[in-house]
Amino acid sequence: MKITLSTSGIIGINVINKLFDFGYVPRDLDVWCSSSNRELMNFCQSLEIPVTVVDRAEDFDSAVVRGELLLSIVVIPLLIPNAVIDQCSKGAINLHPADTEKYRGRWMVSWC
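Residues numbered from 1 in each chain as written. Predicted model: local features only at pLDDT ≥ 70, side-chain atom pairs only at ≥ 80, totals over all residues. Heavy atoms only, no water.

Caption draft 1: Layout of the side chain of Asp59. Among the structural elements, Asp59 can be located in helix α3 (residues 59-62). Classification of Asp59 as buried rests on a relative accessible area of 13%. (Helix = DSSP H or I, 4+ residues; strand = E, 2+ residues; numbered from the N terminus. Buried < 20%, exposed > 50% of the residue type's maximum accessible area, 1.4 Å probe, protein only.)

Given below as structure tokens:
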């Protein structure tokens, strides 16, 4: 199953490494992150994992969903549109300490 991972920084690198432990390979993944995540982007580039930069809500309009599952782990402070989630045949998993249906994104705890 292909996974689109929306994440940031060292957390993203750790998640990718854990996915490798589970048998995933770089061609199974693509990553969405903000342009400030240089360490993550360089890590992905070294493994030839495609990276999509998402800095603004409008960036989702041109984002290509390659994964069957969208895995969102403590990411950019943007609401992932339902139209993007609907493109994932297996749906989406958001790992956040809040009401993720209403407050998807990095800062939803402070938005509550």
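Here the narrative resumes, following the displayed structure.
Caption draft 2: Representation of helix α2 (residues 38-46) in the model. Along α2, the residues that are buried comprise Leu40, Met41, Phe43 and Cys44. Buried residues of α2, viewed axially, fall in a sector of 160°; they line one side. Turned more than 90 degrees off the buried face of α2, the exposed positions are Arg38, Glu39, Gln45 and Ser46. Contact partners of the buried residues in α2: α1 (9-21), β2 (29-33) and β3 (51-53). Note on α2: the residue one or two positions beyond its end, Glu48, has a positive phi of about 60°. (Arc of directions from axis to C-beta. Contact = heavy atoms within 4.5 Å.)

Caption draft 3: Highlighting the environment of Pro50. Structurally, Pro50 is set in the loop between α2 and β3. Taking relative accessible area as the criterion, Pro50 reaches 31% and is therefore assigned partly exposed. Placed 24 residues apart in sequence, Pro50 and Pro26 show a C-alpha to C-alpha distance of 8.7 Å. When near neighbours in sequence (up to four residues on either side) are disregarded, Pro50 contacts Leu29, Asp30, Val31 and Arg66.

Caption draft 4: Examining the confidence of the model for the protein more closely. Summary statistics for the protein give a mean pLDDT of 85 and a share of 81% for residues scoring 70 or more. Mean pLDDT per element in the protein: helix α5 (residues 108-111) is the minimum at 52, and α2 is the maximum at 96. (pLDDT = per-residue confidence, 0-100.)

Caption draft 5: Spotlight on the pairing of strand β1 (residues 3-6). Where burial is concerned, the two faces of β1 agree: the one with Ile3 and Leu5 and the one with Thr4 and Ser6 are both buried. Note: β1 against β2, 4 bridges, orientation parallel. Residue Thr4 lies in a different strand from β2, and its bridge partner there is Asp30. In this fold, β1 hands off to α1, which returns the chain to β2; that crossover is right-handed. Taken together, the 4 bridges between β1 and strand β4 (residues 69-73) define a ladder with parallel strand orientation. Bridge assignment links Ile3 to a residue of β4, and that residue is Leu69. (Pairing = 2+ DSSP bridges. Right-handed = clockwise from strand over helix to strand, strands pointing away.)

Caption draft 6: View of unusual backbone geometry. In this model, Glu48 sits at a positive phi of 60°, which is unusual for a non-glycine residue. Inspection of the secondary structure assignment puts Glu48 in the loop between α2 and β3. Overall, the relative accessible area of 71% leaves Glu48 in the exposed class.

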